[in-house]
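# Working through the structure, step by step
In case you want the letters, here they are:
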Amino acid sequence: MGLIRAVRGTYRDERRKGRLYVCVAPIASKSVVIARPLYDGKDERIPADVGVESTFSDAFDHVPFDSLGLKSDDEYLVMKAKRRPVLALTGLLDGGIISVAPVYTLSMRYKNLMDLQRLRANDCLGVLYFAPDEFYENERFASLGERFPTYGDLLQPRPQQLTREGMELLDRRLAQLDQLYQDATE
């Protein structure tokens, strides 16, 4: 039996741990790209200077732009992102935030990087493996190490969630990651 099952009953207005959603997920980059507004005007179209952080002599130190809610030590960043399936790692937290992990299809790119025997046995730290099932014909995995916060309102619900076994495995994986991070800081 797989780790994912259909949600019973209503699911569209709920934001719960172990549920699957779709949202805009950031893609990590090796550089920080800043979009700095050029003036604090009331115009609907706000021109901006866009460039890598090193091109700004005063990055993260500028006059505030009140109409945009940009404080003197804030910046708008330009990021590559993709609509991606995600797994909720928490329920809604304070302020409507929820922690999610991206879910990837196990493509050749990943097959060459991972120990497939351990992955399919769900024995890889920071990864939750999903075998093909009635919802998706390809192998997938949730990358718990790439978790990120997003607003619950930005999640598009899917009618799937983890089984009891899946939730137990998720809790173990999250505890292992937290222990790893704690050990690294001691």
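Located above this text is the structure these notes cover.
Residues numbered from 1 in each chain as written. Predicted model: local features only at pLDDT ≥ 70, side-chain atom pairs only at ≥ 80, totals over all residues. Heavy atoms only, no water.

### Some details on a nonpolar patch on the surface
- On the surface, Val 32, Phe 60, Leu 77 and Met 79 cluster together to form a nonpolar patch covering roughly 350 Å² of accessible area.
- If you trace the backbone, Met 79 turns up in the loop between strand 5 (77-78) and strand 6 (81-88).
- We classify Met 79 as exposed; its relative accessible area is 54%. (Patch = residues over 30% accessible without salt bridge, like charges linked within 9 Å, V, L, I, M, F, W, Y side chains within 5 Å. Areas by Shrake-Rupley, 256 points an atom, 1.4 Å probe, with all protein chains shown as cover. Salt bridge = Lys/Arg side-chain N within 4 Å of Asp/Glu carboxyl O. Helix = DSSP H or I, 4+ residues; strand = E, 2+ residues; numbered from the N terminus. Buried < 20%, exposed > 50% of the residue type's maximum accessible area, 1.4 Å probe, protein only.)

### Quick word on helix 3 (residues 164-185)
- Over its 22 residues, helix 3 runs 32 Å from end to end, which matches the ideal 32 Å to within 8%, given 1.5 Å per residue.
- Of the positions making up helix 3, those classed as buried are Gly 166, Leu 169, Leu 170, Arg 173, Leu 174 and Leu 177. The buried residues of helix 3 occupy one face: seen down the axis, they fall within an arc of 135°.
- Contacts from the buried residues of helix 3 go to strand 6, strand 8 (127-130) and strand 11 (156-162). (Expected span 1.5 Å × (residues − 1). Arc of directions from axis to C-beta. Contact = heavy atoms within 4.5 Å.)

### A few points about the packing of aromatic side chains
- The tally for this structure, following the rule as stated, stands at one aromatic pair.
- Taken together, a centroid distance of 5.6 Å and an interplanar angle of 35° make the contact between Tyr 104 and Phe 141 tilted. With Tyr 104 in strand 7 (residues 97-105) and Phe 141 in strand 9 (residues 140-143), the pair connects residues that are 37 residues apart, well separated along the chain. (Phe/Tyr/Trp six-rings, centres within 6.5 Å; stacked < 30°, edge-to-face > 60°.)

### Re the pattern of salt bridges
- This model, assessed by the stated rule, comprises eight salt bridges.
- Arg 140 is the salt-bridge partner of Asp 133, the closest N and O atoms lying 3.1 Å from each other.
- Among the salt bridges present, the one from Asp 178 reaches Arg 147, with a minimum N-O distance of 3.3 Å. With Asp 178 in helix 3 and Arg 147 in the loop between strand 9 and strand 10 (148-151), this pair connects stretches of sequence that are 31 residues apart.
- Overall, Asp 178 belongs to the partly exposed group, its relative accessible area being 41%.

### Notes on the pairing of strand 9
- Neither face of strand 9 is exposed, since Arg 140 and Ala 142 on one face and Phe 141 and Ser 143 on the opposite face are all buried.
- Judged from the three bridges that link them, strand 7 and strand 9 form a sheet pairing that is antiparallel. The partner of Val 103 across the bridge, within strand 9, is Ala 142.
- Bridge count between strand 8 and strand 9: four bridges; the pairing is antiparallel. Counterpart to Leu 128 in the pairing with strand 9 is Ala 142. (Pairing = 2+ DSSP bridges.)

### Observations regarding the sheet that holds strand 4 (residues 48-52)
- Reading across the sheet, the three strands line up as 4-3-5 and stay open at both edges, with antiparallel pairing between neighbours. Each edge of the open sheet is held by one strand with a lone partner, namely strand 4 and strand 5.
- For strand 3 (residues 33-37) and strand 5, the ladder comprises two bridges, and the chain directions are antiparallel. When the bridges of strand 5 are listed, Val 33 appears paired with Val 78.

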